[in-house]
Amino acid sequence: MTNSLQGQTALVTGSTSGIGRAIALRLAGLGAHVIVSGRDDARGGDVVERIRAEGGSADFVHADLSTGAGAARLADAAAAVTGQIDILVNNAGVFPFASTADTTEDIVDQVLAVNIKAPLLLTSALIPTMAARGTGSVVNVGSVAGSMALTGATAYSASKAAIHQLTRVWVAEYATSGVRFNTVAPGYTETEGSQANTDEALRAALVSLTPAGRGGRPDEIADAVAFLVGDDARYIHGALLTVDGGSGV
Ligand SMILES: NC(=O)c1ccc[n+]([C@@H]2O[C@H](COP(=O)([O-])OP(=O)(O)OC[C@H]3O[C@@H](n4cnc5c(N)ncnc54)[C@H](OP(=O)(O)O)[C@@H]3O)[C@@H](O)[C@H]2O)c1
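Numbers given for residues are sequential positions, taken from 1 along each chain in its written order. It should be noted that, the model being predicted, local features are given only for residues of pLDDT at least 70 and side-chain atom pairs only at 80 or more, the latter also being counted only at that level, while totals for whole chains, interfaces and linings use all residues. To get the side-chain values, take all heavy atoms of the structure and skip hydrogens and water.

### Things to note about the environment of Thr 242
Here a helix means four or more residues in a row that DSSP labels H or I, a strand means two or more in a row labelled E, and each is numbered from the N terminus. Here Thr 242 shows up in strand S7 (residues 240–243). In this structure, the C-alpha to C-alpha distance between Thr 242 and Ser 57, residues 185 residues apart in sequence, is 29 Å. Ignoring any residue separated from it by four or fewer positions in sequence, one finds Thr 242 in contact with Val 144 and Ala 185. Contacts were defined at the residue level, with two residues in contact if any of their heavy atoms lie within 4.5 Å.

In structure tokens:
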């Protein structure tokens, strides 16, 4: 058994930071040509350089996924790099925490655009080619917040529940084509984004709710994604793999 990704091209959205960067590094380490993507060209360039320095292969494609046009441009530009996308990791996400009463129209629009519309449009643009070739793998990065009723993250939780459901819908539509879809749902994970969106008190509260006694590391989420996109997971369709130190128990 091998999870080698040699000869495959992987597009990882939101791979200029945090969990996405760890996924990009891990998939490149397994031999995939990785397309690193995000709005921040400098951070994206750093990830590409690091992958190349470690002997892997990668390119950066700039993308702003806050509009449908941005998602469409990314699908075209990413597919043009090596001629095909074999693996898509829908990881880019925003998490402006706000309770129901504090949720503004701007928060709703932002969360819907990046966390739901972009993965849906990217998948819709890239999947027909994978299905025609009879192979491919997509991992959606969800969250424990998509399955548990947490307070203070209303729009975000709803968006993550939606991405969990999109995985199931895509399995129903495409499983016979040979393309697989799965979800990885992290619990609290220490990233640039989670540090910027939480204060020390909230972080301590999240850790106290985690039986493992600590927050997750991005590389621990990346390991789960690497398993699901590889051949060892060839009969796994529609899984919701929670990687959360037990916080969802
Ligand atoms: N950290 C956690 O505790 C945790 C827990 C559960 C689930 N998650 C999920 O894991 C994923 C990654 O989170 P993270 O903690 O690694 O966050 P992060 O450090 O803030 O990284 C977010 C990534 O998304 C990209 N992104 C954000 N808005 C974008 C936009 N409009 N267009 C294109 N790219 C955009 C960012 O790239 P640019 O800045 O370059 O645009 C960045 O690479 C998210 O889906 C999040 O919901 C995180």
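### Here we look at the pattern of salt bridges
Salt-bridge detection follows one rule: a side-chain nitrogen of Lys or Arg within 4 Å of a carboxyl oxygen of Asp or Glu. In the structure shown here, the tally under the stated rule is ten salt bridges. A salt bridge links Glu 192 to Arg 21; its shortest N-O distance comes to 2.6 Å. Linking Glu 192 in helix H6 (residues 192–197) with Arg 21 in helix H1 (residues 18–29), this pair joins segments that are 171 residues apart in sequence. A salt bridge links Glu 54 to Arg 50; its shortest N-O distance comes to 3.3 Å. Given the relative accessible area of 55%, Glu 54 is considered exposed. Residue burial is assigned from relative accessible area. The probe radius is 1.4 Å, only protein chains are included, and a residue is buried under 20% of its type maximum, exposed over 50%, and partly exposed in between. When its relative accessible area of 44% is taken as the criterion, Arg 50 is described as partly exposed. Each of Arg 214, Arg 217, Asp 219 and Glu 220 takes part in a single network of salt bridges with overlapping partners.

### A word on the packing of aromatic side chains
Ring geometry is summarised as follows: Phe, Tyr and Trp rings, the Trp one being its six-membered ring, pair when their centres sit within 6.5 Å, and such pairs are stacked at plane angles under 30 degrees, edge-to-face over 60 and tilted between the two. Taken as a whole, this structure holds five aromatic pairs when the rule is applied. Seen in terms of ring centroids, Phe 95 and Tyr 156 are 5.8 Å apart; in terms of plane orientation they differ by 65 degrees. Their pairing is edge-to-face. With a gap of 61 residues between them, Phe 95 in the loop between strand S4 (87–90) and helix H4 (105–133) and Tyr 156 in helix H5 (residues 154–174) connect regions that are remote in the sequence. The class of Tyr 156 is buried, set by a relative accessible area of 11%.

### A word on the packing of H4 against H5
Packed helices, taken two at a time, are described by the angle their axes make and the gap between the axes. Lines are fitted to the C-alpha atoms to define the axes, a helix being fitted only along its stretch in contact, and any angle between axes, read from their N-to-C directions, falls within 0 to 180 degrees. Where H4 contacts H5, the axes come no closer than 10 Å and their chain directions differ by 15 degrees. As judged from the angle between their axes, H4 and H5 are roughly parallel. Of the two elements, H4 crosses H5, and the hand of that crossing is right-handed. Between H4, through Ile 107, Val 111, Asn 115, Ile 116, Pro 119, Leu 120, Thr 123, Ile 127 and Ala 131, and H5, the contact on the second element is made entirely by Ala 155, Tyr 156, Ser 159, Lys 160, Ala 162, Ile 163, Leu 166, Trp 170 and Tyr 174. Residue polarity follows a fixed list, in which Ala, Val, Leu, Ile, Met, Phe, Trp, Tyr, Cys and Pro are nonpolar, Asp, Glu, Lys and Arg are charged, and the others, Gly among them, are polar. Looking at the contact of H4 with H5 residue by residue, the classes come out as 14 nonpolar, three polar and one charged. Every angle not falling under 35 degrees, over 145, or within 65 to 115 is termed oblique; those three ranges are roughly parallel, roughly antiparallel and roughly perpendicular. In this scheme the crossing of two helices becomes right-handed for a clockwise turn of the near helix relative to the far one and left-handed for an anticlockwise turn of less than a right angle.

### Some thoughts on the environment of Leu 121
Within the fold, Leu 121 resides in helix H4. The spatial distance from the C-alpha of Leu 121 to the C-alpha of Thr 67 is 10.0 Å, given a sequence separation of 54 residues. In this view, Leu 121 contacts Gly 68 and Ala 71; residues no more than four positions away in its chain are not counted.

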